[in-house]
There are 2 protein chains.
Amino acid sequence: MDGAGKLLGLGVGPGDPELLTIKAARLLRGAPVVAWFARSGRTGHARRIADDYLAPDIEELRFTYPFTTEIPKRSAAYREAMKAFYDEAAARLSATLDDGRDVALLCEGDPLFYGSFMYMHDRLAARYETEIVPGVTAMAACWSRAGAPMTRGDDCLSVLAGTLDEDTLAARLKAADAAVVMKVGRHLGKVRRALDRAGLSERAIYVENGSTPDERIVRLSDMPTDDAPYFSLVLVPSGRATS
Amino acid sequence: MDGAGKLLGLGVGPGDPELLTIKAARLLRGAPVVAWFARSGRTGHARRIADDYLAPDIEELRFTYPFTTEIPKRSAAYREAMKAFYDEAAARLSATLDDGRDVALLCEGDPLFYGSFMYMHDRLAARYETEIVPGVTAMAACWSRAGAPMTRGDDCLSVLAGTLDEDTLAARLKAADAAVVMKVGRHLGKVRRALDRAGLSERAIYVENGSTPDERIVRLSDMPTDDAPYFSLVLVPSGRATS
């Protein structure tokens, strides 16, 4: 649209503010408006990471996820609530862009690898100039901190969601050369059982809050509870021998 | 080792020098010695990306891959040649570290996601203080440039090596929600056939030299030849409908 602002999808990386790219930092410093998603009552992880890079007079658009804990995640009601939420966020972004102002939408990790930016991209990218800046993913930060070589030679990496059912997880893990289980949180008990069934428990490393001051990295077998926070994942590095 | 230097494994990202992290740039500027791998007769992709960030009086260690084109990749002779090469590179790093100097080893993309850094890590991480800085991967840069939302909700991402045989590739692609085929290069014809067999050709996007001035992004079905350069990959974004 002529005269409209530009939508910037900026990956802000996994947590450590120094893990932003030089490009994302530059674009953030120049942005007149910043937008971000957060759960109710929280600052928002992406917003916290970006804090050092925002212009002092920046305008902020906060999109607070609706309370959906009482609605089953696979129900039509849940899908409808989320669709209405994303429609409204897109409408607010659209109003700002129509006003001729660029908006930097903050994305934890990388914008197009899970995360809410994609729902804005679906709704807006055809109508507004859009630039996407890739970011360091949480999984890359976690395997770097753990010092775990993940994939060598012809290895395949399987990135799996901990929200899958146990049978699906076990089957996919069994077929993997190396794997990352994302979205572990309250699914840790099930993820452990799936890893056991796939014969991978010995290789599994548990990481919570990777690259932040609250980081914890342990062999999964040394993790005493199944009480894992939202920002946790399990790494299964390549089983291939050193060469 | 007391008094020894520190080994820094620095992800320098996919190609655009602005896609370095702020942390990698800071550590590079302060490094007394930089090391990098390159093929014979080439500058080395990682070295070129890092060029703007090196101290003027930096000492350089170049590790030139041996000529192995005449040796079959799966042979014992090939493995032996590569092992000897990595042993020698590690010995040169070790001599510098023993001398009390830190060494920044440059890694295209991310240090622990494919790439030669892992072979140095295997040999040196137990003996020297080692810090690894994650980087933006080539695949993330490519899907950002292509504007292709890759994984939503419970989607799994399969990262596959184009060097695998056609049957293995086809089977793994068939099981994938979303996929990236790395190391395409001279395997593009085979990768196309495997995508066809998995019913994924329509969704496939071909990217070469992503995030560099020589970038090319096309639907794979619009790519007229099978003549792909070394830095090329194929993206298969999520087939999940927008919500």
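Please read these numbers as outputs of a predicted model, since none were measured by experiment.

Check the secondary structure of chain A and you find seven helices and ten strands. Here the C-alpha radius of gyration of chain A, 19 Å, is about what a compact globule of 243 residues would show, namely 18 Å. Projected onto the principal axes, the alpha-carbon positions of chain A cover approximately 55 × 45 × 35 Å. Of all 243 residues assigned to chain A, the portion counted as buried reaches 57%. A sequence separation of at least 24 residues applies to 71% of the contacts in chain A between residues at least 6 apart.

On to empty space enclosed by the protein, then. Within this structure, the stated rule accounts for one cavity of 30 Å³ or more. Volume-wise, the largest cavity comes out at about 50 Å³. As for the largest cavity, its lining consists of Thr137, Met139, Ala140 and Trp143 of chain A together with Thr137, Met139, Ala140 and Trp143 of chain B. Mapped by element, the contributors of at least two residues to the lining of the largest cavity are helix H5 (138-146) of chain A together with helix H5 (138-146) of chain B. Of the residues that constitute the lining of the largest cavity, the class distribution is six nonpolar, two polar and no charged.

Take the pairing of strand S4 (residues 103-107) of chain A next. All names here are of chain A. Of all the five residues making up S4, five are buried; the element is thus mostly covered by neighbouring parts of the structure. Burial of the side chains of S4 extends over both faces: Val103, Leu105 and Cys107 are buried on one face and Ala104 and Leu106 on the other. Direction of pairing for strand S1 (residues 7-11) relative to S4: parallel, over a ladder of five bridges. Across the sheet, the residue bridging to Leu10 is Leu106, located in S4. Relative to S4, strand S2 (residues 33-38) runs parallel, the two being bridged by three bridges. What sits directly across from Val34, in S4, is Ala104.

Residue and element names in this part refer to chain A. With a phi angle near 50 degrees, Lys183 is a residue other than glycine that sits in the positive phi range. Along the chain, Lys183 turns up in the loop between strand S7 (178-182) and helix H7 (188-197). For Lys183, a relative accessible area of 34% corresponds to the partly exposed category. A positive phi angle, near 50 degrees, is found at Asn209, a position not held by glycine. Mapped onto the secondary structure, Asn209 falls in the loop between strand S8 (205-208) and strand S9 (216-219).

Further remarks concern helix H6 (residues 166-174) of chain A. Residue and element names in this part refer to chain A. Taken together, the buried positions of H6 are Leu169, Ala170 and Leu173. The buried residues of H6 occupy an angular sector of 95 degrees when the element is viewed end-on, so they sit on one face. Structurally, H6 contributes buried residues whose contacts are with strand S6 (157-161), S7 and H7. The N-capping residue of H6, defined by a side-chain oxygen 3.2 Å from the backbone nitrogen of Asp167, is Asp165.

Let's shift gears to the packing of aromatic side chains. Within this structure, the stated rule accounts for 20 aromatic pairs over all chains. Note on Phe37 of chain A and Phe63 of chain A: the rings are 5.2 Å apart at their centroids and 55 degrees apart in plane angle, and the pair reads as tilted. On the criterion of sequence distance, the pair formed by Phe37 of chain A in strand S2 and Phe63 of chain A in strand S3 (residues 59-64) is long-range, its members being 26 residues apart. On the basis of relative accessibility, which here comes to 9%, the residue Phe37 of chain A falls in the buried class. With centroids separated by 5.9 Å and ring planes inclined at 70 degrees, the aromatic side chains of Phe37 of chain B and Phe85 of chain B adopt a geometry described as edge-to-face. Linking Phe37 of chain B in strand S2 (residues 33-38) with Phe85 of chain B in helix H3 (residues 76-98), this pair joins segments that are 48 residues apart in sequence. We note that Phe37 of chain B, like Phe85 of chain B, is buried. In textbook terms, an aromatic cluster arises when at least three aromatic residues are bridged by ring pairs, as seen for Phe37, Phe63, Tyr65, Phe85, Tyr86 and Tyr119 of chain A. Here the basic side chain of Arg39 of chain B rests over the ring of Tyr230 of chain B, its NZ or CZ set 4.7 Å away from the ring centre.

Glancing now at the relation of the copies chain A and chain B. Two chain copies, one operation linking them: a rotation about an axis together with a shift along it. When chain A is fitted to chain B, the residual RMSD is 0.0 Å, and the transformation amounts to a turn of 180 degrees plus an axial shift of 0.0 Å. Viewed as a symmetry operation, the transformation between the two copies matches a two-fold axis. Distance from the rotation axis, computed per C-alpha, reaches its smallest value in chain A at Thr21 of chain A: 2.0 Å.

Moving on to the packing of helix H6 (residues 166-174) of chain B against helix H7 (residues 188-197) of chain B. Residue and element names in this part refer to chain B. Put simply, H6 and H7 touch, their axes get as near as 8 Å, and they point 45 degrees apart. For the element pair H6 / H7, the angle class is oblique. The element H6 and its partner H7 pack so that their crossing is right-handed. Along its contact with H6, which presents Glu166, Asp167, Leu169, Ala170, Leu173 and Lys174, the element H7 presents Lys190, Val191, Arg193, Ala194, Leu195 and Arg197. In terms of residue class, the contact of H6 with H7 is built from six nonpolar, no polar and six charged.

Let's shift gears to the interface of chain A and chain B. As a measure of interface size, the accessible area lost when the parts come together is often cited. Taken together, the contacts link 53 residues of chain A with 54 residues of chain B. In total, chain A and chain B occlude about 4600 Å² of area from one another, counting both sides; carbon and sulfur atoms represent 55% of this. Our enumeration of links across chain A and chain B arrives at six salt bridges. Across the pair Arg172 of chain B and Asp177 of chain A runs a salt bridge whose closest N-O atoms are separated by 3.6 Å. Looking at the side of chain A that touches chain B, the elements with two or more residues in it are helix H1 (22-30), helix H4 (117-124), strand S5 (130-133), H5 and S6 of chain A. Looking at the side of chain A that touches chain B residue by residue, the classes come out as 28 nonpolar, eleven polar and 14 charged. Across three bridges, the pairing between S6 of chain A and strand S6 (residues 157-161) of chain B is antiparallel.

What counts, and at which threshold
Numbers given to residues run from 1 along each chain, matching the order in which its sequence is written. Both sets of labels track the order of writing: A upward for chains, 1 upward for ligands. Since the coordinates come from a predicted model, pLDDT governs what is reported: local features require at least 70, and pairs of side-chain atoms require 80 or more to be given and counted, while whole-chain, interface and lining totals use all residues. With hydrogens and water excluded, all non-hydrogen atoms of the structure serve as input to the side-chain values. Only DSSP runs of H or I with at least four residues qualify as helices, and only runs of E with at least two residues qualify as strands; both kinds are numbered from the N terminus onward. Each radius of gyration is computed over the set of C-alpha atoms, and the globule rule expresses the reference value as 2.2 Å times the number of residues to the power 0.38. The classification of residues rests on relative accessible area computed with a 1.4 Å probe and restricted to protein chains. Under 20% of the type maximum is buried, over 50% is exposed, and intermediate values are partly exposed. Residue contacts follow a heavy-atom distance rule, with two residues in contact if any of their heavy atoms lie within 4.5 Å. Cavities and pockets are defined on a 1 Å grid built over the protein atoms alone: a cavity is a set of grid points where a 1.4 Å probe fits but cannot escape, while a pocket is an open set with protein on both sides within 12 Å along at least five of seven lines, and lining residues are those with an atom within 4 Å of any such point. Grid points are joined across faces, edges and corners, and a volume is the space filled by probe spheres set on the points. Side-chain classes are defined by residue name, with Ala, Val, Leu, Ile, Met, Phe, Trp, Tyr, Cys and Pro counting as nonpolar, Asp, Glu, Lys and Arg as charged, and the others, Gly among them, as polar. Two strands are said to pair when DSSP picks up at least two bridges between them. It is the directions from the helix axis to the C-beta atoms that the arc portrays. Counting of polar contacts relies on pairs of N or O atoms within 3.5 Å, with two restrictions inside protein: one atom must be capable of donating a hydrogen and the other of accepting it, and residues adjacent in sequence are counted only when both atoms are side-chain atoms. To pair, rings of Phe, Tyr and Trp, with the six-membered ring standing in for Trp, must have centres within 6.5 Å; the planes then decide the type, stacked if under 30 degrees apart, edge-to-face if over 60, and tilted in the middle. Two limits define a charge over a ring: the Lys NZ or Arg CZ must be within 6 Å of the ring centre, and within 35 degrees of the ring normal. A residue counts toward the fit only if its pLDDT is at least 70 in both copies, and the copies are then superposed by least squares on the C-alpha atoms of those residues. Interaxial angles span 0 to 180 degrees and are taken between N-to-C directions of axes, which are lines fitted to C-alpha atoms, for helices over the stretch in contact. Small angles under 35 degrees read as roughly parallel and large ones over 145 as roughly antiparallel, with 65 to 115 read as roughly perpendicular and the rest as oblique. Helix crossings get a hand from a simple test, with the near helix turned counterclockwise from the far one by less than a right angle marking a left-handed crossing and a clockwise turn marking a right-handed one. Accessible area that two parts lose when put together, with a 1.4 Å probe and added across both, is what the buried area reports. A pairing counts as a salt bridge when a side-chain nitrogen of Lys or Arg comes within 4 Å of a carboxyl oxygen of Asp or Glu.

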